[in-house]
Amino acid sequence: MNRMWAIVEREMRKFFRSPMLMIMSMMLPLVQLIILGNAFGGKIRNARVAIVDKDHGPQAVKVLEACDAIAANIRTFVTIPYADEDTAKEDVRQGKVDAAIIIPEQYSRRVYAGNTPSLGLVVDNTDQFTSSAIEGEMQSLVNALNQPVIQPRLVNNIALKVVELYPYIQYMKFLLSGSIALAMYISVMIGGGMLYIDDKARGVHEGYLVTPITKLELVMGLNIAGAIKAVLSGISLTVIGSLMAGLGTIFHPWAMLQMIILIVGISIAFNGMMFLMMVRVDDPLVPRAMFGVLNTLLFFPSGAIYPIAAFPAWLRGIAFVDPFTYAIHGLQSILLKDGGFTAIRNDLLFLFIFGTGTLLLATPLFKRTL
Amino acid sequence: MSVATPATNAINGNGNAAGRQAIAVENIVKRYGDFEAVKGVSFEVREGEIFGLLGPNGAGKSTLIRMMTTLIPVTAGRALVAGHDVTKDSDEVRRMIGVIPQAMTSDPDLTVEENLSIYAKLYSVGRAEREKNIQEVLEAVDLLKWRTAQTKTLSGGMRRRLEIARGLVHNPQIFFLDEPTTGLDPVSRIAVWEMLNNLKKRRNLTMLLTTHYMEEADRLCDRIAIVDHGKLVALGTPVELKRSVPGSNVVEVQFNREDDNWPQRLRALQGVTDVQSQSAGVYRVLTSNGSRTTTQLVEMAASLGEKLTSLSVQNTTLDDVFVHYTGRQLRDEQVKAVNFVMPPRPGVQP
Ligand SMILES: Nc1ncnc2c1ncn2[C@@H]1O[C@H](COP(=O)(O)OP(=O)(O)O)[C@@H](O)[C@H]1O
Ligand SMILES: [Mg+2]
């Protein structure tokens, strides 16, 4: 056992002596949190929407008023009156405006007659994000027009308040879980993967292998050290990220305790996975090449950036076996939903089993000779 | 004792000498796929001696040392280290030995003391003994002053000494060093030699080292095994090895012009056993009687009306031994091995 702790001691002394690993592991997730959090965080604002009124009836005026209300309050889009439909469509095509609302002839009459009145919306679907925002806004506008007057107004007002209070932070909060997991992944990738292979290439392992250390002691030593590094990265990012995103979870001792248990689970899972992948690798280029691929393969399908529910089936398949998924789900449960221990129980179970399983697979593959 | 040429009689050949055996290697083979890096080597190392494996790069020295230190599996044959079979009793072997790998593996981010202490822990050396040992080995390699220095601040020679200290921190019986002075400047190299000699005297340590430096093998080793292409080509003390080469002196001569008849004329001189052509007009003449050959050579040149540009007489060196047994010059290999130095840029003063 002493020999195992000697390995851990070496790794930890190195880790604390040069804080580079810690800084490196937090840089990408923090930059991502700030940039993505702000870039995608805000709702679409001030999109330009052409509006063509071919009806000129009282119901058309209601539509125009509703649009003005959107322009004044939630500001998803502003309307620009157009005289004819073809010019409006052409301008959408050329990108001069982002969409066009067409109020057809006879619209008011159809409304009164209850004869399936419809509004036309022309969108530029090469820009999914803007077009779906406008679509969404129009859908709720149409819903509002279909219903008694009072309720939708209220709903609109509430939505308006939320947006004004937290202009960008919502998405950042959502993203924070991903950033924490990413920091831990990078820590494991560099601290466990790259440094491990570099040490091997430099002959450091040759030095270990001539001592009486057993295979199990060596494997456990390396993995415990890797897990400790990842836990430290995870906790640091939780604190810094929570402060940046304005999340108060870190001030609740019970939530923080759950958080730490979860982070330990995540680091065990990530470490086991990394060790299994690196156990027979000798070439220092391999972990570097794998870094980006794994990042994309594991991070993006995990629900860190976009909800899993929106994925096609095969991508959900990846998400199902991806330890990131459970990490993100657990972290979001604690940070966003405060769902209590039961909400993260399954995530913890998966992470611990996954970590132990990969480690059990990797250990026999580990060579006690060069 | 006579020089044991090819491997098989090495073990018997050594049997009559005093001292118990620390290492016995019997017909050991290492194959990497189809490539045979070590082709059936046998030798014995006695307790308390410094034994050298001398050979050019790629000869199989590191491969041999790695098999003896349990780092790589043995393909065939066997090796006993401190009485334990390296394949069956690897753990026992590991407890008995200290190893300095060819690459520098001390941790630059850790201090000298931390480097030593972590290794002592890897050998399960208890706390009190650890402190005592660290003090002793640091003293032995003259690094006491640097105890708390970060390893990256040490010079190459000092790092090598630290690694030697590291290999000794658990008081091993047998010490393996793979090219301990390669890459060091001449001054550091001599310091390392002195240190190893002192260690041997004070600790009754058995040492097996590999080198491709003749001088190192000559100055440091009690006995030398010359290895080439994975085979043991000669074995003996430096003196025995040199004596085994016909001729006891080497006359190096340079004529002012090349002539096809020089080798023939040189061979005709008294005592000459071999003539090797170096560059144009330069010859190495192996002779059993250096002074007689030299006198005759000068007379011959005078009678022919030829001029000598230079002339020197040396004792036989291990170089000559190597040439004798392999037909090649170790020096050439060395030049190839270190030929990565960039030439100075034109116009830049060296
Ligand atoms: N892992 C390996 N796989 C294949 N060939 C190897 C391996 N290690 C060494 N060799 C080959 O074995 C030969 C001996 O190598 P080595 O023992 O390192 O020589 P030396 O230490 O004398 O310079 C060389 O030709 C080298 O290329
Ligand atoms: Mg070598």
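This is a predicted model, so every value here is computed, not measured.

A. The arrangement of the packing of aromatic side chains in detail. Counted according to the given criterion, the structure contains 13 aromatic pairs over all chains. Ring geometry for Phe-270 of chain A and Phe-324 of chain A: centres 4.8 Å apart, planes at 45°, overall tilted. Linking Phe-270 of chain A in helix α11 (residues 253–278) with Phe-324 of chain A in helix α14 (residues 323–337), this pair joins segments that are 54 residues apart in sequence. Judged by its relative accessible area of 1%, Phe-270 of chain A is buried. Judged by centre distance (5.7 Å) and plane angle (75°), the ring pair of Phe-299 of chain A and Phe-324 of chain A falls under edge-to-face. Of this pair, Phe-299 of chain A sits in helix α12 (residues 285–299) while Phe-324 of chain A is found in helix α14, placing the two residues 25 residues apart along the sequence. Phe-324 of chain A carries the same exposure label as Phe-299 of chain A, and that label is buried. Ring pairs connect the aromatic residues Tyr-185, Phe-270, Phe-291, Phe-299, Phe-300 and Phe-324 of chain A, which therefore count as one cluster. Taking NZ or CZ as reference, Arg-166 of chain B lies 4.1 Å from the ring centre of Tyr-119 of chain B, over its face. Sitting over the face of the ring of Trp-262 of chain B, Arg-265 of chain B holds its NZ or CZ atom 5.2 Å from the ring centroid.

B. Fine view of the site of ligand 1. All names here are of chain B. Around ligand 1, the neighbouring residues are Tyr-32, Phe-35, Ala-37, Pro-56, Asn-57, Gly-58, Ala-59, Gly-60, Lys-61, Ser-62 and Thr-63. Within the backbone of Lys-61, one N or O atom sits 2.8 Å away from an oxygen atom of ligand 1. Contact distances for ligand 1 include 2.7 Å between an oxygen atom and a side-chain N or O atom of Ser-62. Of all the secondary structure elements, the ones that give two or more residues to the shell around ligand 1 are β2 (35–46) and α2 (61–68).

C. Molecular detail of the confidence of the model for chain A. For chain A, the mean per-residue pLDDT works out to 85, and 92% of the residues sit at or above 70. Below a pLDDT of 50 lies the segment residues 149–169 of chain A, which in the model reaches 16 contacts outside its immediate sequence neighbourhood of four places, other chains included.

D. Focus on the interface of chain A and chain B. Contact residues are listed per partner, giving 22 residues for chain A and 29 residues for chain B. Considering only the side of chain A, the residues that lose the most area to chain B are Arg-17, Val-210 and Pro-212 of chain A, jointly responsible for 26% of the buried surface there. Linking chain A with chain B are seven salt bridges, by the criterion used here. In this structure, Lys-121 of chain B engages Glu-9 of chain A in a salt bridge whose closest nitrogen and oxygen atoms are separated by 2.5 Å. In this assembly, chain A and chain B are joined by eleven residue pairs in polar contact (both at pLDDT 80 or more). Elements with a minimum of two residues in the side of chain A that touches chain B: α1 (2–17) and α9 (204–209) of chain A. With eight residues, α1 of chain A is the largest single contributor of residues to the side of chain A that touches chain B. Its residues assigned to classes, the side of chain A that touches chain B shows nine nonpolar, four polar and nine charged.

Rules behind the numbers
- Residues numbered from 1 in each chain as written.
- Chains lettered and ligands numbered in written order.
- Predicted model: local features only at pLDDT ≥ 70, side-chain atom pairs only at ≥ 80, totals over all residues.
- Heavy atoms only, no water.
- Phe/Tyr/Trp six-rings, centres within 6.5 Å; stacked < 30°, edge-to-face > 60°.
- Helix = DSSP H or I, 4+ residues; strand = E, 2+ residues; numbered from the N terminus.
- Buried < 20%, exposed > 50% of the residue type's maximum accessible area, 1.4 Å probe, protein only.
- Lys NZ or Arg CZ within 6 Å of the ring centre and 35° of its normal.
- Near = heavy atom within 4 Å.
- Polar contact = N/O pair within 3.5 Å; in protein donor to acceptor, adjacent residues only side chain to side chain.
- pLDDT = per-residue confidence, 0-100.
- Contact = heavy atoms within 4.5 Å.
- Buried area = accessible area lost by both parts, 1.4 Å probe.
- Salt bridge = Lys/Arg side-chain N within 4 Å of Asp/Glu carboxyl O.
- Nonpolar A, V, L, I, M, F, W, Y, C, P; charged D, E, K, R; others polar.

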